[in-house]
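For reference, the chains in residue letters:
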2 protein chains.
Amino acid sequence: MKDILTAITQRRSVRSFGRKKIAPQDIKKILEAGRWAPSGLNNQPWRFLVIDDDKRRDGVAAFTKYGSVIRRAAAVLIVCMDTADSYNREKDLMALGAAIQNMLLEAQDLGIGSCWLGEILNKKKEVAAFLKLNADLDFLAAVALGYPEGKTAKGCRKPLQQLMIVHEKKDSRC
Amino acid sequence: MKDILTAITQRRSVRSFGRKKIAPQDIKKILEAGRWAPSGLNNQPWRFLVIDDDKRRDGVAAFTKYGSVIRRAAAVLIVCMDTADSYNREKDLMALGAAIQNMLLEAQDLGIGSCWLGEILNKKKEVAAFLKLNADLDFLAAVALGYPEGKTAKGCRKPLQQLMIVHEKKDSRC
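Residues numbered from 1 in each chain as written. Chains lettered and ligands numbered in written order. Predicted model: local features only at pLDDT ≥ 70, side-chain atom pairs only at ≥ 80, totals over all residues.

Some remarks on the overall build of chain A
Okay, step 1: Helices and strands together make up the secondary structure of chain A, namely seven helices and four strands.
Okay, step 2: Listed by position from the N terminus, the elements making up chain A come as α-α-β-α-α-β-α-β-α-β-α.
Okay, step 3: With respect to the principal axes defined by its C-alpha atoms, chain A has extents near 70 × 40 × 30 Å.
Okay, step 4: Within chain A, buried positions represent 47% of all 174 residues. (Helix = DSSP H or I, 4+ residues; strand = E, 2+ residues; numbered from the N terminus. Buried ≥ 20, exposed ≤ 12 C-beta atoms within 10 Å, placed from the backbone.)

Quick look at the structure:
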(Lines give C-alpha, C1' and ligand atoms only; values in the text may rest on other atoms or scores of the structure.)
Protein backbone atom coordinates (compact mmCIF):
# COMPACT_ATOMS: atom_id res chain seq x y z
CA MET A 1 0.00 0.00 0.00
CA LYS A 2 1.25 3.44 -0.93
CA ASP A 3 1.56 6.28 1.52
CA ILE A 4 -0.79 9.20 0.99
CA LEU A 5 1.79 11.53 -0.53
CA THR A 6 2.78 8.92 -3.10
CA ALA A 7 -0.89 8.34 -3.94
CA ILE A 8 -1.41 12.08 -4.32
CA THR A 9 1.65 12.75 -6.46
CA GLN A 10 1.16 9.69 -8.66
CA ARG A 11 -2.51 10.33 -9.40
CA ARG A 12 -3.13 11.31 -13.01
CA SER A 13 -6.17 12.10 -15.10
CA VAL A 14 -7.11 8.98 -17.03
CA ARG A 15 -8.85 9.61 -20.34
CA SER A 16 -8.95 6.15 -21.87
CA PHE A 17 -10.77 3.30 -20.26
CA GLY A 18 -11.33 -0.39 -20.90
CA ARG A 19 -14.80 -1.87 -21.07
CA LYS A 20 -14.71 -3.48 -17.62
CA LYS A 21 -17.58 -2.35 -15.42
CA ILE A 22 -17.01 -0.99 -11.91
CA ALA A 23 -18.50 -3.11 -9.16
CA PRO A 24 -21.28 -1.36 -7.20
CA GLN A 25 -19.36 -1.76 -3.93
CA ASP A 26 -16.42 0.11 -5.45
CA ILE A 27 -18.65 2.95 -6.64
CA LYS A 28 -19.98 3.06 -3.09
CA LYS A 29 -16.46 3.34 -1.67
CA ILE A 30 -15.73 6.23 -4.00
CA LEU A 31 -18.89 8.04 -2.91
CA GLU A 32 -18.07 7.27 0.70
CA ALA A 33 -14.73 9.05 0.26
CA GLY A 34 -16.58 12.09 -1.07
CA ARG A 35 -19.08 11.99 1.75
CA TRP A 36 -16.33 12.32 4.37
CA ALA A 37 -14.83 15.52 3.01
CA PRO A 38 -14.76 18.54 5.30
CA SER A 39 -17.10 21.48 4.74
CA GLY A 40 -17.77 24.79 6.44
CA LEU A 41 -20.19 24.33 9.36
CA ASN A 42 -20.20 20.69 8.23
CA ASN A 43 -22.99 21.59 5.80
CA GLN A 44 -21.98 18.87 3.28
CA PRO A 45 -23.35 20.65 0.22
CA TRP A 46 -22.31 17.91 -2.24
CA ARG A 47 -24.81 15.71 -4.04
CA PHE A 48 -23.99 12.83 -6.34
CA LEU A 49 -25.53 11.13 -9.33
CA VAL A 50 -23.94 8.01 -10.74
CA ILE A 51 -24.53 7.41 -14.43
CA ASP A 52 -23.74 3.90 -15.58
CA ASP A 53 -26.18 3.32 -18.39
CA ASP A 54 -25.19 3.93 -22.01
CA LYS A 55 -28.11 6.18 -22.82
CA ARG A 56 -27.50 8.83 -20.19
CA ARG A 57 -23.71 8.49 -20.43
CA ASP A 58 -23.72 9.15 -24.16
CA GLY A 59 -26.31 11.87 -23.71
CA VAL A 60 -24.09 13.70 -21.26
CA ALA A 61 -21.05 13.13 -23.50
CA ALA A 62 -22.73 15.15 -26.23
CA PHE A 63 -22.46 18.32 -24.12
CA THR A 64 -18.66 18.51 -24.05
CA LYS A 65 -15.85 18.51 -26.55
CA TYR A 66 -14.26 15.87 -24.31
CA GLY A 67 -17.20 13.58 -24.98
CA SER A 68 -14.92 10.73 -26.04
CA VAL A 69 -13.61 10.49 -22.45
CA ILE A 70 -17.15 10.16 -21.14
CA ARG A 71 -18.28 7.72 -23.82
CA ARG A 72 -15.44 5.37 -22.89
CA ALA A 73 -16.07 5.66 -19.16
CA ALA A 74 -17.58 2.79 -17.19
CA ALA A 75 -19.44 5.31 -15.06
CA VAL A 76 -19.81 9.05 -14.81
CA LEU A 77 -20.17 10.79 -11.52
CA ILE A 78 -22.19 13.99 -11.63
CA VAL A 79 -21.33 16.28 -8.73
CA CYS A 80 -23.73 19.05 -7.77
CA MET A 81 -24.05 21.60 -5.02
CA ASP A 82 -27.37 21.58 -3.22
CA THR A 83 -27.92 25.32 -3.18
CA ALA A 84 -30.66 24.87 -0.57
CA ASP A 85 -27.93 23.57 1.77
CA SER A 86 -25.33 26.15 0.77
CA TYR A 87 -24.33 28.79 3.31
CA ASN A 88 -21.41 30.45 1.53
CA ARG A 89 -20.91 29.74 -2.14
CA GLU A 90 -17.12 30.22 -2.14
CA LYS A 91 -16.59 27.95 0.86
CA ASP A 92 -19.05 25.44 -0.53
CA LEU A 93 -17.19 25.33 -3.84
CA MET A 94 -13.97 24.57 -1.97
CA ALA A 95 -15.79 21.86 -0.03
CA LEU A 96 -16.96 20.31 -3.30
CA GLY A 97 -13.37 20.37 -4.53
CA ALA A 98 -12.29 18.55 -1.38
CA ALA A 99 -15.02 15.92 -1.89
CA ILE A 100 -14.05 15.41 -5.52
CA GLN A 101 -10.37 15.05 -4.64
CA ASN A 102 -11.25 12.41 -2.04
CA MET A 103 -13.15 10.51 -4.71
CA LEU A 104 -10.29 10.71 -7.24
CA LEU A 105 -7.87 9.40 -4.61
CA GLU A 106 -10.16 6.56 -3.56
CA ALA A 107 -10.79 5.59 -7.17
CA GLN A 108 -7.06 5.41 -7.77
CA ASP A 109 -6.63 3.29 -4.64
CA LEU A 110 -9.11 0.82 -6.15
CA GLY A 111 -7.20 0.74 -9.44
CA ILE A 112 -9.88 2.85 -11.11
CA GLY A 113 -8.87 5.77 -13.31
CA SER A 114 -10.70 9.08 -13.25
CA CYS A 115 -10.93 12.33 -15.12
CA TRP A 116 -12.41 15.46 -13.54
CA LEU A 117 -14.16 17.29 -16.37
CA GLY A 118 -14.90 21.00 -16.19
CA GLU A 119 -15.40 22.10 -19.79
CA ILE A 120 -18.86 20.52 -19.74
CA LEU A 121 -19.96 23.30 -17.35
CA ASN A 122 -20.25 25.52 -20.41
CA LYS A 123 -23.43 23.54 -21.04
CA LYS A 124 -24.54 23.50 -17.43
CA LYS A 125 -28.18 24.30 -18.15
CA GLU A 126 -28.43 21.77 -20.95
CA VAL A 127 -26.93 18.99 -18.82
CA ALA A 128 -29.24 19.86 -15.93
CA ALA A 129 -32.25 19.72 -18.24
CA PHE A 130 -31.12 16.45 -19.83
CA LEU A 131 -30.61 14.85 -16.40
CA LYS A 132 -33.80 16.44 -15.05
CA LEU A 133 -31.90 17.87 -12.10
CA ASN A 134 -33.97 19.57 -9.42
CA ALA A 135 -33.73 23.39 -9.54
CA ASP A 136 -31.81 23.41 -6.23
CA LEU A 137 -28.99 21.35 -7.72
CA ASP A 138 -26.13 23.26 -9.29
CA PHE A 139 -24.14 20.96 -11.58
CA LEU A 140 -20.44 21.64 -10.93
CA ALA A 141 -18.35 18.70 -12.09
CA ALA A 142 -18.45 15.47 -14.03
CA VAL A 143 -15.97 12.74 -13.17
CA ALA A 144 -15.39 9.97 -15.70
CA LEU A 145 -14.46 6.65 -14.09
CA GLY A 146 -13.17 3.41 -15.52
CA TYR A 147 -10.31 0.95 -15.58
CA PRO A 148 -7.32 2.60 -17.28
CA GLU A 149 -6.38 1.46 -20.76
CA GLY A 150 -3.21 2.48 -22.53
CA LYS A 151 -0.68 5.00 -21.39
CA THR A 152 -1.41 7.78 -18.95
CA ALA A 153 0.13 11.18 -19.57
CA LYS A 154 2.93 12.33 -17.32
CA GLY A 155 1.94 14.87 -14.71
CA CYS A 156 3.53 18.26 -14.44
CA ARG A 157 3.33 20.95 -11.76
CA LYS A 158 4.91 24.30 -11.01
CA PRO A 159 7.88 24.03 -8.64
CA LEU A 160 6.96 24.60 -5.01
CA GLN A 161 9.11 27.73 -4.84
CA GLN A 162 6.86 29.36 -7.41
CA LEU A 163 3.79 28.70 -5.26
CA MET A 164 5.15 30.17 -2.06
CA ILE A 165 4.11 33.63 -1.00
CA VAL A 166 7.27 35.40 -0.02
CA HIS A 167 6.16 37.52 2.88
CA GLU A 168 9.32 39.21 3.90
CA LYS A 169 12.88 38.90 2.79
CA LYS A 170 15.15 37.58 5.47
CA ASP A 171 18.60 39.07 5.47
CA SER A 172 20.80 36.05 5.06
CA ARG A 173 23.83 37.94 6.34
CA CYS A 174 22.46 38.31 9.86
CA MET B 1 -0.26 2.04 6.79
CA LYS B 2 -3.93 2.87 6.35
CA ASP B 3 -5.72 2.61 3.05
CA ILE B 4 -6.92 5.89 1.57
CA LEU B 5 -10.58 5.42 2.49
CA THR B 6 -9.70 4.78 6.12
CA ALA B 7 -7.47 7.86 6.14
CA ILE B 8 -10.28 9.92 4.62
CA THR B 9 -13.02 8.71 6.93
CA GLN B 10 -10.88 8.90 10.08
CA ARG B 11 -9.60 12.43 9.45
CA ARG B 12 -10.97 14.95 11.92
CA SER B 13 -10.51 18.64 12.54
CA VAL B 14 -8.02 19.04 15.36
CA ARG B 15 -8.45 22.18 17.44
CA SER B 16 -6.04 21.60 20.28
CA PHE B 17 -2.33 21.20 19.73
CA GLY B 18 0.73 20.48 21.82
CA ARG B 19 3.75 22.75 21.73
CA LYS B 20 5.89 20.48 19.54
CA LYS B 21 7.12 22.21 16.40
CA ILE B 22 6.65 20.70 12.97
CA ALA B 23 9.86 19.81 11.18
CA PRO B 24 10.47 21.83 8.01
CA GLN B 25 10.62 18.64 5.92
CA ASP B 26 7.13 17.72 7.11
CA ILE B 27 5.77 21.17 6.25
CA LYS B 28 7.32 20.67 2.83
CA LYS B 29 5.57 17.30 2.40
CA ILE B 30 2.24 18.92 3.27
CA LEU B 31 2.79 21.67 0.70
CA GLU B 32 3.92 19.06 -1.81
CA ALA B 33 0.57 17.30 -1.38
CA GLY B 34 -1.20 20.58 -2.11
CA ARG B 35 0.97 21.25 -5.13
CA TRP B 36 -0.11 17.98 -6.79
CA ALA B 37 -3.83 18.67 -6.70
CA PRO B 38 -5.68 18.75 -10.01
CA SER B 39 -6.92 22.03 -11.48
CA GLY B 40 -8.77 23.10 -14.60
CA LEU B 41 -6.33 23.53 -17.50
CA ASN B 42 -3.70 22.59 -14.89
CA ASN B 43 -3.56 26.28 -13.94
CA GLN B 44 -2.57 25.56 -10.33
CA PRO B 45 -4.06 28.76 -8.88
CA TRP B 46 -3.08 27.97 -5.26
CA ARG B 47 -0.45 29.93 -3.38
CA PHE B 48 0.82 29.18 0.11
CA LEU B 49 2.23 31.11 3.01
CA VAL B 50 3.50 29.26 6.07
CA ILE B 51 3.34 31.17 9.32
CA ASP B 52 5.41 29.67 12.09
CA ASP B 53 6.45 32.68 14.12
CA ASP B 54 4.48 33.76 17.20
CA LYS B 55 4.05 37.35 16.08
CA ARG B 56 2.29 36.71 12.79
CA ARG B 57 0.45 33.66 14.15
CA ASP B 58 -1.04 35.63 17.04
CA GLY B 59 -1.69 38.56 14.73
CA VAL B 60 -3.72 36.38 12.38
CA ALA B 61 -5.50 34.75 15.34
CA ALA B 62 -6.92 38.13 16.31
CA PHE B 63 -9.06 38.19 13.15
CA THR B 64 -11.24 35.20 13.99
CA LYS B 65 -13.41 34.09 16.85
CA TYR B 66 -11.57 30.77 16.56
CA GLY B 67 -8.32 32.52 17.40
CA SER B 68 -7.54 30.06 20.18
CA VAL B 69 -7.13 27.29 17.59
CA ILE B 70 -4.61 29.41 15.70
CA ARG B 71 -2.75 30.55 18.80
CA ARG B 72 -2.17 26.93 19.82
CA ALA B 73 -1.07 25.87 16.34
CA ALA B 74 2.54 25.06 15.59
CA ALA B 75 2.11 26.57 12.14
CA VAL B 76 -0.63 28.21 10.13
CA LEU B 77 -0.95 27.68 6.45
CA ILE B 78 -2.45 30.60 4.56
CA VAL B 79 -3.98 29.50 1.27
CA CYS B 80 -4.65 32.07 -1.44
CA MET B 81 -5.81 32.08 -5.03
CA ASP B 82 -3.52 33.89 -7.41
CA THR B 83 -6.22 35.78 -9.30
CA ALA B 84 -3.69 36.60 -12.03
CA ASP B 85 -3.51 32.85 -12.72
CA SER B 86 -7.25 32.23 -12.36
CA TYR B 87 -9.25 31.34 -15.47
CA ASN B 88 -12.60 30.45 -13.95
CA ARG B 89 -13.27 31.43 -10.36
CA GLU B 90 -15.69 28.61 -9.59
CA LYS B 91 -13.39 25.92 -10.97
CA ASP B 92 -10.41 27.53 -9.29
CA LEU B 93 -12.19 27.52 -5.93
CA MET B 94 -12.85 23.79 -6.35
CA ALA B 95 -9.17 23.30 -7.24
CA LEU B 96 -8.15 25.12 -4.05
CA GLY B 97 -10.46 22.83 -2.10
CA ALA B 98 -8.76 19.81 -3.68
CA ALA B 99 -5.33 21.20 -2.75
CA ILE B 100 -6.40 21.88 0.83
CA GLN B 101 -7.87 18.39 1.20
CA ASN B 102 -4.60 16.88 -0.05
CA MET B 103 -2.75 18.86 2.61
CA LEU B 104 -5.13 17.80 5.40
CA LEU B 105 -4.70 14.16 4.40
CA GLU B 106 -0.92 14.39 4.19
CA ALA B 107 -0.74 16.17 7.54
CA GLN B 108 -2.78 13.39 9.11
CA ASP B 109 -0.50 10.79 7.53
CA LEU B 110 2.43 12.49 9.29
CA GLY B 111 0.59 12.43 12.62
CA ILE B 112 -0.08 16.15 12.39
CA GLY B 113 -3.52 17.51 13.20
CA SER B 114 -5.16 20.22 11.15
CA CYS B 115 -8.13 22.54 11.21
CA TRP B 116 -9.41 24.23 8.05
CA LEU B 117 -10.68 27.63 9.17
CA GLY B 118 -13.19 29.59 7.15
CA GLU B 119 -14.75 32.07 9.57
CA ILE B 120 -11.60 34.19 9.36
CA LEU B 121 -12.60 35.06 5.77
CA ASN B 122 -15.03 37.56 7.29
CA LYS B 123 -11.88 39.61 7.89
CA LYS B 124 -10.31 38.83 4.54
CA LYS B 125 -9.17 42.40 3.85
CA GLU B 126 -7.74 42.87 7.32
CA VAL B 127 -5.77 39.61 7.16
CA ALA B 128 -4.45 40.49 3.70
CA ALA B 129 -3.33 43.90 4.95
CA PHE B 130 -1.73 42.44 8.08
CA LEU B 131 0.16 39.84 6.03
CA LYS B 132 0.97 42.39 3.33
CA LEU B 133 -0.44 40.11 0.65
CA ASN B 134 0.03 41.19 -2.93
CA ALA B 135 -3.18 42.55 -4.51
CA ASP B 136 -3.38 39.53 -6.84
CA LEU B 137 -3.65 37.15 -3.90
CA ASP B 138 -7.13 36.32 -2.69
CA PHE B 139 -6.97 34.86 0.83
CA LEU B 140 -9.34 31.89 0.93
CA ALA B 141 -8.41 29.59 3.79
CA ALA B 142 -6.29 29.29 6.89
CA VAL B 143 -5.22 25.84 8.06
CA ALA B 144 -3.99 25.45 11.62
CA LEU B 145 -1.41 22.67 11.98
CA GLY B 146 0.10 21.00 15.01
CA TYR B 147 0.51 17.79 16.94
CA PRO B 148 -2.86 16.82 18.42
CA GLU B 149 -3.38 17.19 22.14
CA GLY B 150 -6.37 15.87 24.02
CA LYS B 151 -9.46 14.31 22.56
CA THR B 152 -10.64 14.89 19.03
CA ALA B 153 -14.36 15.26 18.43
CA LYS B 154 -16.20 12.44 16.72
CA GLY B 155 -17.02 13.06 13.06
CA CYS B 156 -20.52 12.99 11.71
CA ARG B 157 -21.87 13.01 8.16
CA LYS B 158 -25.20 12.71 6.41
CA PRO B 159 -25.97 9.15 5.29
CA LEU B 160 -24.98 8.45 1.69
CA GLN B 161 -28.59 7.88 0.70
CA GLN B 162 -29.36 11.48 1.55
CA LEU B 163 -26.61 12.71 -0.79
CA MET B 164 -27.69 10.73 -3.82
CA ILE B 165 -29.62 12.43 -6.58
CA VAL B 166 -32.48 10.14 -7.40
CA HIS B 167 -32.82 10.52 -11.11
CA GLU B 168 -35.53 8.09 -11.94
CA LYS B 169 -37.36 5.54 -9.97
CA LYS B 170 -36.71 2.00 -11.08
CA ASP B 171 -39.68 -0.25 -10.85
CA SER B 172 -38.46 -3.02 -8.62
CA ARG B 173 -41.29 -5.32 -9.71
CA CYS B 174 -40.00 -5.61 -13.27
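Still more to cover.
Quick look at the interface of chain A and chain B
How big an interface is tends to be stated in terms of the accessible area lost upon association of its parts.
Okay, step 1: Chain A puts 53 residues into the contact, and the matching count from chain B is 53 residues.
Okay, step 2: If you list the elements that add at least two residues to the side of chain A that touches chain B, you get α1 (4-10), α2 (24-35), β1 (46-51), α5 (89-109), β4 (137-146) and α7 (160-163) of chain A.
Okay, step 3: Per-element tally for the side of chain A that touches chain B: the top contributor is α5 of chain A, with 15 residues. (Contact = placed C-beta atoms within 7 Å.)

Some thoughts on unusual backbone geometry
Residues and elements named next belong to chain B.
Okay, step 1: The backbone phi angle of L41 is positive, close to 55°, even though this residue is not glycine.
Okay, step 2: Note on placement: L41 falls in the loop between α2 (24-35) and β1 (46-51).
Okay, step 3: Positive phi values are uncommon outside glycine, yet Q44 reaches one of about 50°.
Okay, step 4: Along the chain, the position of Q44 falls in the loop between α2 and β1.

Considerations on the packing of α5 of chain A against helix α5 (residues 89-109) of chain B
Okay, step 1: It is at 6 Å that the axes of α5 of chain A and α5 of chain B come closest, and there the two elements cross at 55°. As far as their axial angle goes, α5 of chain B and α5 of chain A are oblique. The chirality of how α5 of chain A crosses α5 of chain B is right-handed. Residues E90, L93, M94, A95, L96, G97, A98, I100, Q101 and N102 of chain A of α5 of chain A touch α5 of chain B, and the partners they reach there are E90, L93, M94, A95, L96, G97, A98, I100, Q101 and N102 of chain B.
Okay, step 2: Across the contact of α5 of chain A with α5 of chain B, the residue classes break down as 12 nonpolar, six polar and two charged. (Axes fitted to C-alpha atoms, helices over the stretch in contact; angles between N-to-C directions. Parallel < 35°, antiparallel > 145°, perpendicular 65-115°, else oblique. Left-handed = near helix turned anticlockwise from the far one by under 90°. Nonpolar A, V, L, I, M, F, W, Y, C, P; charged D, E, K, R; others polar.)

Observations regarding the relation of the copies chain A and chain B
Okay, step 1: For the pair chain A and chain B, the best superposition has an RMSD of 0.0 Å and corresponds to a rotation of 180° with a translation of 0.0 Å parallel to the axis. Read as a symmetry element, the transformation amounts to a two-fold axis.
Okay, step 2: Both copies contact each other with a shared surface, as 100% of the interface residues of chain A are interface residues in chain B too. (Least-squares fit on C-alpha atoms with pLDDT ≥ 70 in both.)

Brief notes about the sheet that holds strand β4 (residues 137-146) of chain B
All names here are of chain B.
Okay, step 1: What the four strands build is an open sheet, ordered β1-β2-β4-β3; its pairing is antiparallel. Either end of the sheet is taken by a strand with one partner, and the two such strands are β1 and β3 (113-117). In this sheet, neighbouring strand axes are inclined to one another by 25° on average, regardless of whether the strands run parallel or antiparallel.
Okay, step 2: With eight bridges joining them, strand β2 (residues 75-82) and β4 adopt antiparallel strand pairing. The residue bridging V76 from the neighbouring strand is A144, located in β4.
Okay, step 3: Strand contacts of helix α3 (residues 54-61): β1, β2 and β4, with the helix running at about 115° to β1, the strand carrying the most contacts. (Pairing = 2+ DSSP bridges.)

Examining the sheet that holds strand β3 (residues 113-117) of chain A
Residue and element names in this part refer to chain A.
Okay, step 1: With respect to topology, four strands assemble into an open sheet ordered β1-β2-β4-β3, the strand pairing being antiparallel. Single-partner strands in this sheet number two, and they are β1 and β3. Averaged over all pairs of adjacent strands, the angle between their axes in this sheet comes to 25°, without regard to strand direction.
Okay, step 2: Where β1 meets strand β2 (residues 75-82), six bridges bridge the pair, whose relative direction is antiparallel. Each residue of the ladder has a partner; that of I51, found in β2, is V76.
Okay, step 3: On top of the sheet, helix α3 (residues 54-61) reaches β1, β2 and β4; it is set at about 115° to β1, its chief contact.

Here we look at the confidence of the model for chain A
Okay, step 1: Residue-level pLDDT values for chain A average 94, and 95% of them are 70 or greater.
Okay, step 2: Across the interface, the model reports ipTM at 0.95; the global pTM reads 0.95. (pLDDT = per-residue confidence, 0-100.)

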